[in-house]
Amino acid sequence: MSDEYGALPDPDKMYPVVRLLVRYGNAMAIGVGAVIAIAGIWAAIAGFGWGWAVAGVLGGVFGGFIMRSYVEVVRIITDLLLPR
């Protein structure tokens, strides 16, 4: 017998990027911040001036914070709107 409306899609297969952010968002935020900070420190060591190290560390903290807030917003939306 055919289902007139079709089967509901599997919620785990829908929105794979959202599921990825929910599952690994904290590690991704730390990774983004670390990459930015390491790039600034590398620039200082490469001879661009020590201001790049300070800017890189501050940019890393800010980038990680922004990424973390984005992950939290995605988690809120996921909790409220996506089926489990």
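Report follows, based on the coordinates. (Residues numbered from 1 in each chain as written. Predicted model: local features only at pLDDT ≥ 70, side-chain atom pairs only at ≥ 80, totals over all residues. Heavy atoms only, no water.)

**Regarding helix α1 (residues 16-48)**
Between the first and last C-alpha of α1 there are merely 40 Å, a value that for 33 residues lags more than 12% behind the 48 Å anticipated at 1.5 Å per step. Considering bend angle alone, the principal kink of α1 is centred on Y24 and spans about 75 degrees. Elements in contact with the buried residues of α1: α2 (51-81). (Helix = DSSP H or I, 4+ residues; strand = E, 2+ residues; numbered from the N terminus. Expected span 1.5 Å × (residues − 1). Bend = angle between axes of the 7 residues up to and from the residue. Contact = heavy atoms within 4.5 Å.)

**Topic: the packing of aromatic side chains**
In the structure shown here, the tally under the stated rule is one aromatic pair. Measuring from centroid to centroid gives 6.4 Å for W42 and F48, while their planes differ by 45 degrees, and the two rings are tilted. Exposure remark for W42: the relative accessible area of 57% places this residue in the exposed category. (Phe/Tyr/Trp six-rings, centres within 6.5 Å; stacked < 30°, edge-to-face > 60°. Buried < 20%, exposed > 50% of the residue type's maximum accessible area, 1.4 Å probe, protein only.)

**Description of α2**
Taking 1.5 Å of rise per residue, 31 residues should cover 45 Å, and α2 covers 44 Å from first to last C-alpha, within 8% of that figure. Among all positions in α2, only A53, G56, G60, G63, G64, M67, V71, V74 and T78 are buried. Its buried side turned inward, α2 meets α1.

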